[in-house]
Amino acid sequence: MGVRLHWFLPTGGDGRTLVDRHAYGPNRAGAVRGVRPPDIEHLAQIAKAAEQLGFEAVLTPTGTWCEDAWLTTVALAQHTERLKFLVAFRPGVISPTLAAQMAATYQRVTRGRLLLNVVTGGDSAEQRRFGDRLGHDQRYARTDEFLSVVRGVWRGEPYDFDGVHYQVEGGLTALPPDPVPQVFFGGSSAAAGPVAARHADVYLTWGEPPTQVKEKIDWIRGLAEREGRDVRFGVRLHTISRDSPAEAWATANRLLDDLDADTIAAAQTALGRSESVGQRRMLALHGGSRDELEIHPNLWAGVGLVRGGAGTHSLGVEHFVLSGYPHLEEAYWFGEGVIPELAARGLVEERTKAGLPLLVSGRS
């Protein structure tokens, strides 16, 4: 099985530190060093690099601390030719019929370069900022209905739906998207699994030890089979790639330099409020301690000390959604160092001539 490689667009800003500048404040010196604002020029640099290096798509986040993913990526589509955009969005803050129409328009404007990342949401405080007051399990029930409506109106003929959260009469996308965007979906809770099985094209998990990832894949695959569906799988990882293991680990250790005990404690308190089961699994990998951060060979949990989401495989994983700090430089480290190695092993096709935990790669 080949692999599909995707990169990340830091629409909340980027830099040479792991500290989330918006949520946790400046570093211990009292000033933020090396911050790169998410202006269109810098994001275009990253998008162009990802395209040139052979990444298929770039993921854009959604939430309070980042630019709107739809608007940002459709602008960046004008700076690229082939790169796809994995647009993250929250079902609870937009009409499903409108979302279906937006996706169809996006496909025509970009000539078919949209992928959708459905983010149900795991932090009630963050959800309330956008006017969403549903609880965790209710949000997944609403996502289930939302995706049913989206797929229904994409058929190009009037569609009715009568659910708990949505009632649609004659819902219609007059010009359905071509191609229909793939739906990427993540969630580790009991409420998330059945929704993924019914609607996801690609189920995303964060980087956990391979045995835990396999358990999750087996779970979702079994649920999907009961629905008569075949779901593919992806993993979300941060990556450090260098010419040797020693250089890679030195870079990983440098990323810890800005993290004093107070910074880590503040971040862990904030992340601990999340209702996301996946986020709780990420926190459990390190327990907020700098000790024993290598949770599996070359799988490092250091990023998860201060940042949410991906903190960290013949497991059936096809899609790898990667990122690194800073994102422009790390795209080149991975694209010029690792992609040729994968191509030589027949795992990817080179498109140019030329592990949450963190995936640490050192080439000898």
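Definitions and cut-offs
Residues numbered from 1 in each chain as written. Predicted model: local features only at pLDDT ≥ 70, side-chain atom pairs only at ≥ 80, totals over all residues. Heavy atoms only, no water. Helix = DSSP H or I, 4+ residues; strand = E, 2+ residues; numbered from the N terminus. Buried < 20%, exposed > 50% of the residue type's maximum accessible area, 1.4 Å probe, protein only. Areas by Shrake-Rupley, 256 points an atom, 1.4 Å probe, with all protein chains shown as cover. Polar contact = N/O pair within 3.5 Å; in protein donor to acceptor, adjacent residues only side chain to side chain. Contact = heavy atoms within 4.5 Å. Axes fitted to C-alpha atoms, helices over the stretch in contact; angles between N-to-C directions. Parallel < 35°, antiparallel > 145°, perpendicular 65-115°, else oblique. Nonpolar A, V, L, I, M, F, W, Y, C, P; charged D, E, K, R; others polar. Core = buried A, V, L, I, M, F, W, Y, C linked by side-chain atoms within 4.5 Å. Pairing = 2+ DSSP bridges. Right-handed = clockwise from strand over helix to strand, strands pointing away.

A. Just the overall build of the protein, in detail. What the protein contains, in helices and strands, is 13 helices and 13 strands. Residues classed as buried in the protein amount to 56% of the 364 residues present. Summed over all atoms, the accessible surface of the protein reaches about 15800 Å², with 49% contributed by carbon and sulfur.

B. Representation of the side chain of D132. Relative to the elements of secondary structure, D132 occurs in the loop between α5 (124-129) and α6 (136-153). At 3.2 Å, the side chain of D132 forms a polar contact with the backbone nitrogen of L134. The contacts of D132, once residues within four sequence positions are left out, are Q127, R139 and R142.

C. Broad picture of the packing of α6 against helix α7 (residues 192-199). Look at α6 against α7: their axes get within 9 Å of each other, and the N-to-C directions meet at 10°. With respect to each other, α6 and α7 are oriented roughly parallel. Within the contact between the two elements, α6 uses Y140, T143, D144, L147, S148 and R151 and α7 uses A192, V195, R198 and H199. A class-by-class count of the residues in the contact of α6 with α7 yields four nonpolar, three polar and three charged.

D. Up close: the side chain of R139. Positionally, R139 belongs in helix α6. Within the local environment of R139, its side chain forms a polar contact with the backbone oxygen of L134, the two atoms lying 2.8 Å apart.

E. Structural view of the nonpolar core. Ranked by size, the top nonpolar core spans 67 residues in total, and within it L5, F55 and F85 carry the most contacts. Ranked by residues supplied to this core, first place goes to helix α2 (residues 40-53) with seven residues. What L5 contacts, discounting residues up to four positions off in sequence, is F55, E56, A57, F320, L322, F334, I339, L342 and V348. In this structure, F8, A57, L59 and L86 belong to the second largest nonpolar core, which totals nine residues.

F. View of the environment of M102. Counting through the fold element by element, M102 comes out in helix α4 (residues 96-110). For the pair M102 and T173, spaced 71 residues apart in sequence, the C-alpha separation works out to 9.4 Å. M102 has contacts with W70 and I94, leaving out every residue within four places of it along the chain.

G. Inspection of the pairing of strand β4 (residues 114-118) at higher detail. Most of β4 is tucked away: five of the five residues are buried. Burial along β4 is two-sided: L114, L116 and V118 facing one way and L115 and N117 facing the other are all buried. With five bridges connecting them, strand β3 (residues 84-89) and β4 associate as parallel partners. Pairing of A88 across the sheet is with N117, part of β4. Taken together, β3, α4 and β4 form a β-α-β motif whose crossover is right-handed.

H. Main features of unusual backbone geometry. Geometrically, the link from D178 to P179 is a cis peptide bond, its omega value of 0° lying close to zero. Examined against the element boundaries, P179 turns out to sit in the loop between β6 (167-171) and β7 (183-186). The linkage connecting Y325 with the following residue, P326, adopts the cis geometry, with an omega of -10°. Secondary-structure assignment places P326 in the loop between β12 (317-323) and α12 (327-337). Look at R111: it is not a glycine, yet its phi comes out positive at around 60°. Turning to its location among the elements, R111 is positioned in the loop between α4 and β4.

I. Molecular detail of the pairing of strand β2 (residues 57-60). Across the two faces of β2 the burial is the same, with A57 and L59 and V58 and T60 all buried. The pairing of strand β1 (residues 4-8) with β2 spans three bridges and is classified as parallel. Residue W7 lies in a different strand from β2, and its bridge partner there is V58. Bridge count for β2 against β3 is four bridges, and the pairing is parallel. Within the sheet, the bridge partner assigned to A57 lies in β3 and is K84. Considered for its hand, the β-α-β crossover made up of β2, helix α3 (residues 69-76) and β3 is right-handed.

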